[in-house]
Structures are given as C-alpha cells and as structure tokens.
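# Close look at the chain arrangement
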Amino acid sequence: TTAIDLDYARFEDHSAESEEKHEYVNGEWDKSEAEASSVDARDGETSFKIAHERLVGASTELEFGVDYRRKKRDITYTNCAWEADNEGDPVVYELDGSIGSLIEETRVDPYVMVSGKRGAFAWEAGLRYENTRSEIDYLEDEESEGRVSKDYNELLPSVNLRWDVSEADRINLSLAKTIKRPNFNELIPALLDGEFGENDYIGNP
C-alpha cells in the first residue's frame, strides 16, 4: 500500500493593544503616559508525505517513506509611546521602534519502520533521519541586522514493545530519541519587550 498526503496551512495575525497610565499626587495631576504595540504576522506551512507499507513474512510489516515540511513566518512587532506635557493632552503616539523577522525552515525526513505481532507480544522498531535547514533574517527599525543560517541532521532511533499479560493488563516498554524544536519567537535574536509577562526575552537562532 502506498499513501500520499499533501497539506497546506496559512495563519495571519493583525492585532494591537494599548495601555494608558495617569498619575496623581495629593490630588494633583503628575504625569500621563501610554504605550501601544501591534503585531503583523503571516505564517505558511506546506507538508508532503509519501509512505509505502508491505508485509514481510506472515506477521511482520515494513513501512518506509519520507516527510517534507516547509514553514515560513514573516512578522513585525511595532511599538509606540506617548507622554503628556499637560493634563488632558490628547494621546498622540510616536514610533518607539520596530522589530521584524523572516524565518524559513525546511525539513526532509526519510524513515523506515518494522513492526510485528506474535500472540500476546507486539513490537515496533524505527529509524528516522531528520534534516533541517533554517534561515532567519532580522530587522530592527526597518534596517537589516543580518542573516543567520542553521543546518542540523539527527538520526533518531525508536523501539516499542507491548505484552498483553491478560485481557485487562498490559506492559509497555519504549525507548526513543527525539528532538524538541524551538518555536519561531525563540529564534529571533532581538529583545522582545514583555514576551513572558513582565519579562523581556532575546531569542537564539
């Protein structure tokens, strides 16, 4: 059996938030200030998979194939600020900096897996070779701060065993090597104000 799968997903985020603060001391106006921030983001993801399964002997199944995935994010953070000279001044924001990035990630992962079952025992063994290439373009105040490229390849084995002791009891044993990938905000080498609550954050490409 041969299976082919093709997927495409797109996500857009155009959002903004603002905060005003007015301070009084002993009933008298002291100062007023405000901050505003906006996000303009476009995400796109394309994935393709082809897999082939076939029997090898009476109770063993072989599966092999390749997964392809390409992700792209174009995002800009814009910050504005305002401070009043007098009480009652209208809020007129001025640009307080912007951070932009274009992140592209491409993965090509071939794999092979063998599984079988005999009586109460079932097993599965697999091997995946993950190839990842990422490129990060970073801009601050609309000026390029450079490009970072990162390539890495990992061989990821896995073994799973299952023993059905009875109709109500089962024992599972599993051993696998996996990769935890950073989200895209963790790749931007820029200072993100308040990324985690009151804490700023700088990503590592």
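For the structure itself, consult the block above.
A few points on the structure. Worth saying up front: this structure is predicted, and the values here are computed from it rather than measured.

What the 7 strands build is an open sheet, ordered β1-β2-β3-β4-β5-β6-β7; its pairing is antiparallel. Of all the strands in the sheet, the pair left with one neighbour each is β1 (2-25) and β7 (171-176). Shown here is a sheet whose adjacent strand axes are inclined to one another by a mean of 15°, direction ignored. Sheet topology places strand β6 (residues 143-163) next to β7; 6 bridges connect them, and they run antiparallel. The residue of β7 that forms the bridge with V159 is L175.

Attention shifts here to unusual backbone geometry. Positive phi values are uncommon outside glycine, yet N26 reaches one of about 55°. Along the polypeptide, N26 turns up in the loop between β1 and β2 (28-55). Positioned with a positive phi, D141 is a non-glycine residue whose angle comes to about 55°. Within the secondary structure layout, D141 lies in the loop between β5 (121-140) and β6. Classification of D141 as partly exposed rests on a relative accessible area of 46%.

The calculated volume of the largest pocket comes to roughly 820 Å³. Around the largest pocket sit 29 residues that line it, and E35, S37, N79, D193 and G194 are the ones nearest its centre. Put simply, the parts of the chain that give the lining of the largest pocket at least two residues each are β1, β2, β3 (60-83), β4 (94-118) and β8 (191-196).

All right, on to the pairing of β1 then. Note: β1 against β2, 24 bridges, orientation antiparallel. Along β2, the bridge assignment pairs R10 with G44. Linking two consecutive strands that pair antiparallel, namely β1 and β2, is a turn of 2 residues; a positive phi of about 55° is found at N26 within it.

Below, the discussion takes up the environment of L139. Turning to its location among the elements, L139 is positioned in strand β5. Sequence-wise, L139 and I99 are 40 residues apart; in three dimensions their C-alpha atoms are separated by 5.8 Å.

What follows concerns the pattern of salt bridges. Tallied over the full model, the rule gives 19 salt bridges. One salt bridge in this structure joins K21 and E23, with 3.9 Å as the shortest N-O distance. Since its relative accessible area comes to 38%, K21 is described here as partly exposed. D164 is the salt-bridge partner of R162, the closest N and O atoms lying 3.8 Å from each other. Judged by its relative accessible area of 26%, R162 is partly exposed. Sharing partners across several salt bridges, the network here consists of D67, R107, D109, R128, E130 and R181.

What counts and how
- Residues numbered from 1 in each chain as written.
- Predicted model: local features only at pLDDT ≥ 70, side-chain atom pairs only at ≥ 80, totals over all residues.
- Heavy atoms only, no water.
- Pairing = 2+ DSSP bridges.
- Helix = DSSP H or I, 4+ residues; strand = E, 2+ residues; numbered from the N terminus.
- Axes fitted to C-alpha atoms, helices over the stretch in contact; angles between N-to-C directions.
- Buried < 20%, exposed > 50% of the residue type's maximum accessible area, 1.4 Å probe, protein only.
- 1 Å grid on protein atoms, 1.4 Å probe; cavity = no way out; pocket = protein on both sides within 12 Å on 5 of 7 lines; lining within 4 Å.
- Points joined across faces, edges and corners; volume = space filled by probe spheres on them.
- Salt bridge = Lys/Arg side-chain N within 4 Å of Asp/Glu carboxyl O.

Everything listed here is a matter of geometry and, on its own, says nothing about what the molecule does.
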